[in-house]
Amino acid sequence: MTDPVLLSSDHGAVRVLTVNRPDKLNALNAATLDALHAAFREAAGDPAVRVVVLTGAGPKAFVAGADIAEMNTLAPVQGRDFALRGQRMMRFVETMPKPVVAMVNGFALGGGLELAMCCHLRIAADTARLGQPEVNLGLIPGFGGSQRLLRLAGRAATLELCLTGAPVDAGRALQLGIVNRVVPAAELEEATMALAQQLAKSAPLALRGVLDCVNHGGECGIEEGLAYEATQFGLMFSTEDMREGTSAFLERRKPDFQGR
Ligand code: COA
C-alpha cells in the first residue's frame, strides 16, 4: 500500500495536517490538492476541531511547490484547471471559520508559499526558505501567489520575489511581513503547538468574527468594512461565549468558552 499523501492527527482541539510526500519535498500534485481540500472541509465542519496546523513531512520542506513533473505535460486548459484546483482549495482554507496556522519547516516555494499564505498565521523555522520561483520554469504563480503576496507584503516585495524567482530566508520573510514569527528549527513544533493551543482556548465564534472581518474588509472600502465589523460585533452579543468572557473578567476568573 502506498503512503497517504496527507496525514492527520488530533491534539486536543488542534488538528495537525501534514503533507506527506517527503521524497518529492511535499510537492503538490492533483491528488494532494484534493486531499487537502477534503481534509479542510472535514476540519471546518467538525466542532471538536478549533484550530488547524498545516505542515510538511520530513526535515527539508514545508512544500517545495506544485508538482513540476505533473505540470510538465499539461495542455493549456488542463493548466488552467490545475490552477483552479489549487486556488479553490486555498480560498477554502483562507475563508475557513477557524484559524489555520502554517508551520513552515523548510522550503516553502511556489505553491508551497502560496499554501502558507492562504493560512491565517505563519511560523517559520529559521532554516526555512520562501519564494515564488515559477519564472525559472517559464511559469507564473497559479495558486494565488501574485494576489496574496501583494496583499500580504505589498507591491515591492511581490515584484521582487515573483520577478527574480529568488527565495528569501526566514529572517527576510519576517521583515517583509510574509511570516508572523521565526523560531529556531528545533523549537518550531513546540512554538507552533503552543500558539495553536492558545487559540484553541479562545472563543471560537469571536475568532470566526475576526477572520470574517479581515477576509471581507481586505476586499472592500472602509465604509463597508466598518459597517460589516459593527454588524459582526453586534452578533457577538448573541453568543454565550461573550457573556462568559465578560463575566469571567468581572469575576476575576479564566473564561471557559464553549463555541456557542
Ligand atoms: N515538483 C516535483 N518534484 C519536486 C519538486 C516540485 N516542485 N521539488 C522537488 N521535487 C523532487 C525532486 O525532483 C527530487 O525528486 P527525485 O529524487 O525523484 O529526483 C526530490 O524532490 C528532491 O529534490 P532535489 O531537487 O533533489 O532536492 P535539493 O535539496 O537538491 O533541492 C530545491 C531542493 C527545493 C531547491 C529543489 O528541489 C527545487 O528547486 N525544487 C523546485 C522548486 C520550484 O520551482 N517550485 C515551484 C514549482 S511551480
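No experiment lies behind these values; they were computed from the predicted model shown.

Details of the sheet that holds strand β9 (residues 168-169)
Thought 1: The four strands lie next to each other as β4-β6-β8-β9, forming an open sheet whose pairing is mixed. Bordering the open sheet on either side are β4 (61-63) and β9, each of which pairs with just one other strand.
Thought 2: Strand direction decides the pairing type here: strand β6 (residues 107-109) and strand β8 (residues 129-131), joined by two bridges, are parallel. When the sheet's bridge partners are listed, Leu109 is paired in β8 with Gly131.
Thought 3: Its contacts with the sheet place helix α4 (residues 111-118) against β4, β6 and β8, and it is angled at close to 75° to β4.

Re the pairing of strand β2 (residues 14-19)
Thought 1: Where burial is concerned, most of β2 is hidden: six out of the six residues are buried.
Thought 2: What sits between strand β1 (residues 6-11) and β2 in their antiparallel hairpin is a turn of two residues, with Gly12 showing a positive phi close to 65°.
Thought 3: Here six bridges tie β2 to strand β3 (residues 51-56), and the two strands are oriented parallel to one another. By the bridge assignment for β3, Val16 is matched with Val53.
Thought 4: Each parallel crossover has a hand, and for β2 linked through helix α1 (residues 30-45) to β3 it is right-handed.

Looking at α4
Thought 1: In terms of burial, α4 is a largely internal element, eight of the eight residues being buried.
Thought 2: Within the sequence span of α4, burial applies to Gly111, Gly112, Leu113, Glu114, Leu115, Ala116, Met117 and Cys118.

Overview of the side chain of Gln132
Thought 1: Within the secondary structure, Gln132 is located in the loop between β8 and α5 (145-164).
Thought 2: Engagement of the side chain of Gln132 in a polar contact is seen with the side chain of Glu134, the distance being 3.0 Å.

As for the pattern of salt bridges
Thought 1: On inspection of all chains with the given rule, the structure shows 12 salt bridges.
Thought 2: The partner of Glu42 in a salt bridge is Arg15, with the nearest N and O atoms 3.0 Å apart. Taken as a pair, Glu42 in helix α1 and Arg15 in strand β2 lie far apart in primary sequence, 27 residues in all.
Thought 3: We classify Arg15 as buried; its relative accessible area is 8%.
Thought 4: Residue Asp67 is joined to Arg21 by a salt bridge in which the shortest nitrogen-to-oxygen separation is 2.9 Å. Here Asp67, found in the loop between β4 and α2 (68-71), pairs with Arg21, found in the loop between β2 and α1; they are 46 residues apart in sequence, far enough to count as distant.
Thought 5: Exposure remark for Asp67: the relative accessible area of 9% places this residue in the buried category.
Thought 6: Here Arg21 falls in the buried class, since its relative accessible area comes to 14%.
Thought 7: Within this structure, Asp10, Arg15, Glu42 and Asp46 form a network of salt bridges that share partners.

Criteria and thresholds
Residues numbered from 1 in each chain as written. Predicted model: local features only at pLDDT ≥ 70, side-chain atom pairs only at ≥ 80, totals over all residues. Heavy atoms only, no water. Pairing = 2+ DSSP bridges. Helix = DSSP H or I, 4+ residues; strand = E, 2+ residues; numbered from the N terminus. Contact = heavy atoms within 4.5 Å. Axes fitted to C-alpha atoms, helices over the stretch in contact; angles between N-to-C directions. Buried < 20%, exposed > 50% of the residue type's maximum accessible area, 1.4 Å probe, protein only. Right-handed = clockwise from strand over helix to strand, strands pointing away. Polar contact = N/O pair within 3.5 Å; in protein donor to acceptor, adjacent residues only side chain to side chain. Salt bridge = Lys/Arg side-chain N within 4 Å of Asp/Glu carboxyl O.

Take it as geometry only, folks, not as evidence of what the structure does.
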